[in-house]
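Each chain, letter by letter, is given below.
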Amino acid sequence: MANFFNEIASKWQKEWENNKLFEANPDPTKEKKFITVAFPYTNSPLHIGHGRTYITADIYARYLRMKGYNVLFPFAFQFTGTPILSISEAIQRKDEDIISTFVNIYQIPQEEIEKFSDPNYLAEYFKNDMKNTARRLGLSIDWRREFTTVDSIFERFIQWQYKRLMDLGYIKREDSPVPYCPRDEFPVGMHDTKGDIEPEISDVDAIYFPSNNLFFVAATPRPETIFGAIAILINPEADYIIAIDKLNRKIVISKQAFEKLKFQLEIKKEDEKKGKEFIGLIAKNPITLKDMKVLPSKYVDPKMGTGVVMAVPSHEPMHYLALTELKEEFELIPVIKTDELGELPGVEAVGLAQTKNPAELKDYIDTIYRLEYHKGVMRDDLVDLVPDFMKEFVKDKIANKPVKDARDRTRELLDKLNSRETIYEITNGPVYCRCGAEIVVKVIKGQWFIDYSNPLWKASALKSLDKIHFIPADARKEMEKVIFNLHHRPFTRSRGLGVRLPWDEKEIIDSLSDSTIYTAFYTIIHKLKYPAALLNDNFWDYILLGRGNPEELSKTLGIPKDQLEEIRNEFLYWYPVDSRHSGRDLIQNHLPYYIYHHIAIFGDMLLPKQIVTNGFIRVGGKKMSKSFGNIYPLNRAINEYGVDTVRIALTSTSSISDDIEFNANIAKSIIEQLKRIHDFISRILEVDGVNEKRDADLWLLSIFKKYVEEVDKAYENLDLRSVYITVYYTLYETMRDYIELTNGKVNKDTIRKTVSLWLKLMAPITPHLAEELWHKFNNSFIVTEKFPSPDEIECDEKSLLKVEYLRNIIDDVRTLSNELGKEAEKVIIYVNDDEKLKDLLKKAIIAIKGRKSLRDFILENNVDEKIAKKVYELANILPPLMKDLIVQNDIDEEEVIVQNIQFLLSKLDVSEIVVYTSTDEKVPNIMGKKELALPYKPGIAIL
């Protein structure tokens, strides 16, 4: 079936392209909508994760076109940064994993892969592959506006932006720690790492403990506890480095720590020894001057910190556990007091936990750290622990002070003693570069930063969120949190593809930083047919900011004034973006940067009007990842299941914020339903109909009116799951019910009208199927048709109530059958025609809508409490549509059932249906169902 649907798709994609249906130009008579998606990295083919974002945006664009808007939906390609370079270099190294992925997952010929050692060839290859896939998906793109981030005109545009940011004071240069790839030798961000993980940096205190001619360097997040440090712990089986630091001190740290810290500290390796060779040495606490024995501990992880630990057993459960296992005597020195914890919380925690498992002690450790930092006070008697020359400092600045304040003062004291350094760690590590190397922290001299910590800029970015509509709504809170916590960020790299920094051409602007206001570039790129060198800062100032005189600029640049004004007007017509689409992972970086830069360059008038973030695609219950081996190329999905199946499966089987599971069972069920719909509509259009309009015809048009209204609202809110269920299942069953209600004698006009409405409702999601079926009785393109309006559909409420009443009976019989666990062969139906009860039901429906209680309802209507309760409860459980109809209409229930008995027999697949009036005393009370009958809720017995 996939080939069947793909042939249909290919046919109509060619027709749309030949007729230039998606090329958008300014039209002052129409309101515009500008839709954009986060452009893809061209370092591998598109996979189904990309598909979710791109198809969702396309569905929205197609819907808005049908709503009468002038819609621009462009596309471009990200060449910038290291992802492409990393893949190219992996090919040069004959990396088996990368080559295997390209051959086995993406089905790329070996001879092509060999050419990928040229990064430019690789990027161009995947750009073309992505463009072909985007076309196969049926994305309604204006391809005149495509570009790459290494195009010369794009470079001029980005360089202009960064000059503006520099002028505004948002760019700075300083020595600072950054995530760094030791192999590729440049700073990295999320898009440079495997798994797209943003490396997070935290600072840690490294304290120097002298031991004869050595210094053991211990890393700690709690320097204030040094007053209670009584031993040095190292791993006896680990390798340790003796290194010379900038003060010519011989420091001892683990080998793993040395490999990381050599990028931060001026250290040089002198010797290498096993940890056990240091056991028994005596070090000194630089503050208390107490002797500290160097002891072995299996709990010391040489990969953590420096691989050297200062043991504070009074406040650290793991230290107490390690020392007790050595069976050596040791001193317990309390340092911090809190109301919540005892004097020696490290000891108490081990006793309470009754475990030697570090993982099981973690919660106790976290609690101690948190309580002591936020509520702890340094003890008065710390003064007694230090030598005389320190006593005044400790008394005035540390003793009896909150831990929050004492931590900084302890650092100050250690600095005075030349016994401390700040070191940095990747807190969410290990994180790996795309080249395979583990990311470290490096202090880079003269690194360029974007100052996202600037308080005025940050405040403006936070305030601007009030002007943006977020789908889903909770994305806003996440965005606020990210913006609030943003700090200055390194934005240049020393190698890779991309735009050169205008004032330092050795540096390349990274991929997250050249993709901030690039959506503005879409509006004008197709008109920029000039040499890039001609487009100076004055050109961009005029086109994008309206600064300068077009007449003078025309003379300077040699570009006709009318062309300059035309380009400027094109930008003004389309900007700002009306709906920006991305995966929810980009809330952590791209989307906040996008807002920051728009505020800086354009102010708050050209912010995106809406930001849409969707969940991930999961395969086999897991997020797609090469490490899980579950990458699913989009082309493969299209080949296996057909384009329109993929469009549904990747966007519409879950709410937009939730992850979607893509698997064969789901895809097969979708394609089978699409084929059923195709065959059903094809057949029904060929049926010779009758001219008579009956209740069934009036009901079908009336129910379509309701569904059109619901689907329109769901599309508007990007509730694609509701659209999917209604359009592809509910309407299909509704049309089948119509066929059965009319015994196959359909009204030709009713069928053409409702099929037209149905196809228009499905056109944004499955445009190829809709176009194919539309052309069976139309010559226009459905993708350019107007979206249905409820106002164009007639409604007959009485006919609607009759059929919905029948459908409700069918649901009740099926529910009863399931509850009893038996198939019905004969159905007994008791209808209640009591007019007073009907009138009471109407009043109950109105009362519930008015939020009146049962007690108020009883008092207002002066009726028997038992009867009133039954009617009130019925009014609560009736389907909403029936409630609305019952208030305004009356039907003869028995007559409706009798007139449509064949429909009920067919739908329920029973041999006999008997209808009784429950108010008739002569009729039998089978299974007690007679007395249960209420208006519009018959008593039902199945035999």
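All figures in this text were calculated on a predicted structure; none of them were measured in a lab.

Caption draft 1: Spatial organisation of the nonpolar core. By size, the foremost hydrophobic cluster in this structure holds 161 residues, and its most contacted members are Ile-48, Phe-102 and Trp-758. Here the element with the most residues in this core is helix α24 (residues 695–716); it accounts for 11 residues. With residues up to four places along the chain from it excluded, the contact list for Phe-102 reads Asn-43, Ser-44, Ile-87, Ile-91, Gln-107, Ile-108, Ile-113, Phe-116 and Phe-126. Within the second largest apolar cluster, 75 residues are counted, among which are Phe-154, Tyr-518, Tyr-593 and Tyr-596.

Caption draft 2: Structural detail: helix α15 (residues 475–485). Among the residues of α15, Ala-475, Met-479, Val-482 and Ile-483 are the ones counted as buried. Projected down its long axis, α15 carries its buried residues within an arc of 95°, all on one side. What points out from α15, more than 90 degrees from its buried face, is the exposed set Lys-477, Lys-481 and Phe-484.

Caption draft 3: Layout of the state of the cysteines. Summed over the entire model, instances satisfying the criterion amount to zero disulfides. Considering cysteine sulfurs only, Cys-181 is the nearest to Cys-433, which forms no disulfide, with 3.6 Å between them.

Caption draft 4: Local environment of the sheet that holds strand β13 (residues 308–311). Strand order in this open sheet of four strands is β11-β12-β7-β13, and the pairing throughout is mixed. Of all the strands in the sheet, the pair left with one neighbour each is β11 (282–284) and β13. Mean inter-strand twist for the sheet, computed between neighbouring axes without regard to direction, equals 35°. Relative to β13, strand β7 (residues 231–234) runs antiparallel, the two being bridged by four bridges. Bridging from a neighbouring strand, Leu-233 pairs with Val-309 of β13. Packed onto the sheet, helix α9 (residues 317–325) meets β7, β12 (291–296) and β13 and runs at close to 90° relative to β13.

Caption draft 5: Here's a closer look at helix α30 (residues 854–861). By the burial criterion, the buried members of α30 are Phe-857, Ile-858 and Asn-861. Projected onto a plane normal to the axis of α30, the buried residues spread over an arc of 95° and lie on a single side. In α30, those exposed residues whose orientation departs by more than 90 degrees from the buried face are Leu-859 and Glu-860. Where α30 is buried, its residues touch α29 (835–849) and α31 (865–877).

Caption draft 6: Main features of the sheet that holds strand β4 (residues 186–187). Reading across from one edge, β4-β3-β17-β19 is the order of the four strands in this open sheet, with antiparallel pairing throughout. Each end of this open sheet is capped by a strand with a single partner; those strands are β4 and β19 (488–490). In terms of strand pairing, strand β17 (residues 440–451) meets β19 through three bridges, oriented antiparallel. Looking at β19, one finds that Ile-450 is bridged to Arg-489.

Caption draft 7: Spotlight on the packing of aromatic side chains. Summed over the entire model, instances satisfying the criterion amount to 55 aromatic pairs. An angle of 50° between the planes, with centres 6.3 Å apart, marks the rings of Phe-102 and Tyr-106 as tilted. Both rings, one in Phe-154 and one in Phe-157, keep their centres 5.9 Å apart while their planes meet at 50°; by these two values the pair is tilted. You can see Phe-154 and its partner Phe-157 sitting in helix α7 (residues 152–167), three residues apart, about one turn around the helix. Owing to a relative accessible area of 0%, Phe-154 belongs among the buried residues under this scheme. Through a chain of ring-to-ring contacts, three or more aromatic side chains come together here, namely Phe-39, Phe-147, Phe-154, Phe-157, Trp-160, Tyr-518, Phe-521, Tyr-522, Phe-539 and Trp-540. The lysine or arginine in question, Arg-62, covers the ring of Trp-16, its NZ or CZ lying 4.7 Å from the ring centre. For Arg-249, the ring lying beneath its charged end belongs to Tyr-208, and the centroid distance is 4.1 Å.

Caption draft 8: Inspection of the environment of Leu-122 at higher detail. Relative to the helices and strands, Leu-122 resides in helix α6 (residues 119–136). Of the residues examined, Leu-122 reaches a relative accessible area of 0% and is grouped as buried. Beyond its immediate stretch of four places on either side in the chain, Leu-122 contacts Thr-42, Asn-43, Ile-84, Ile-87, Ser-88 and Phe-116.

Caption draft 9: Spotlight on the environment of Tyr-573. Inspection of the secondary structure assignment puts Tyr-573 in helix α19 (residues 561–574). Assessed through its relative accessible area of 16%, Tyr-573 is described here as buried. The spatial distance from the C-alpha of Tyr-573 to the C-alpha of Ser-682 is 42 Å, given a sequence separation of 109 residues. One polar contact links the side chain of Tyr-573 to the main-chain carbonyl oxygen of Asp-27, over a distance of 3.1 Å.

Caption draft 10: Representation of a negative patch on the surface. Residues Asp-833, Glu-835, Asp-892, Glu-894 and Glu-895 make up a contiguous surface patch of negative charge. Checked against the element boundaries, Glu-895 lands in helix α33 (residues 893–899). Classification of Glu-895 as partly exposed rests on a relative accessible area of 40%.

Analysis parameters
Residues numbered from 1 in each chain as written. Predicted model: local features only at pLDDT ≥ 70, side-chain atom pairs only at ≥ 80, totals over all residues. Heavy atoms only, no water. Core = buried A, V, L, I, M, F, W, Y, C linked by side-chain atoms within 4.5 Å. Buried < 20%, exposed > 50% of the residue type's maximum accessible area, 1.4 Å probe, protein only. Helix = DSSP H or I, 4+ residues; strand = E, 2+ residues; numbered from the N terminus. Contact = heavy atoms within 4.5 Å. Arc of directions from axis to C-beta. Disulfide = S-S within 2.5 Å. Pairing = 2+ DSSP bridges. Axes fitted to C-alpha atoms, helices over the stretch in contact; angles between N-to-C directions. Phe/Tyr/Trp six-rings, centres within 6.5 Å; stacked < 30°, edge-to-face > 60°. Lys NZ or Arg CZ within 6 Å of the ring centre and 35° of its normal. Polar contact = N/O pair within 3.5 Å; in protein donor to acceptor, adjacent residues only side chain to side chain. Patch = residues over 30% accessible without salt bridge, like charges linked within 9 Å, V, L, I, M, F, W, Y side chains within 5 Å. Areas by Shrake-Rupley, 256 points an atom, 1.4 Å probe, with all protein chains shown as cover. Salt bridge = Lys/Arg side-chain N within 4 Å of Asp/Glu carboxyl O. Lys, Arg positive; Asp, Glu negative; His and termini not counted. Charge placed at Lys NZ, Arg CZ, Asp CG, Glu CD.

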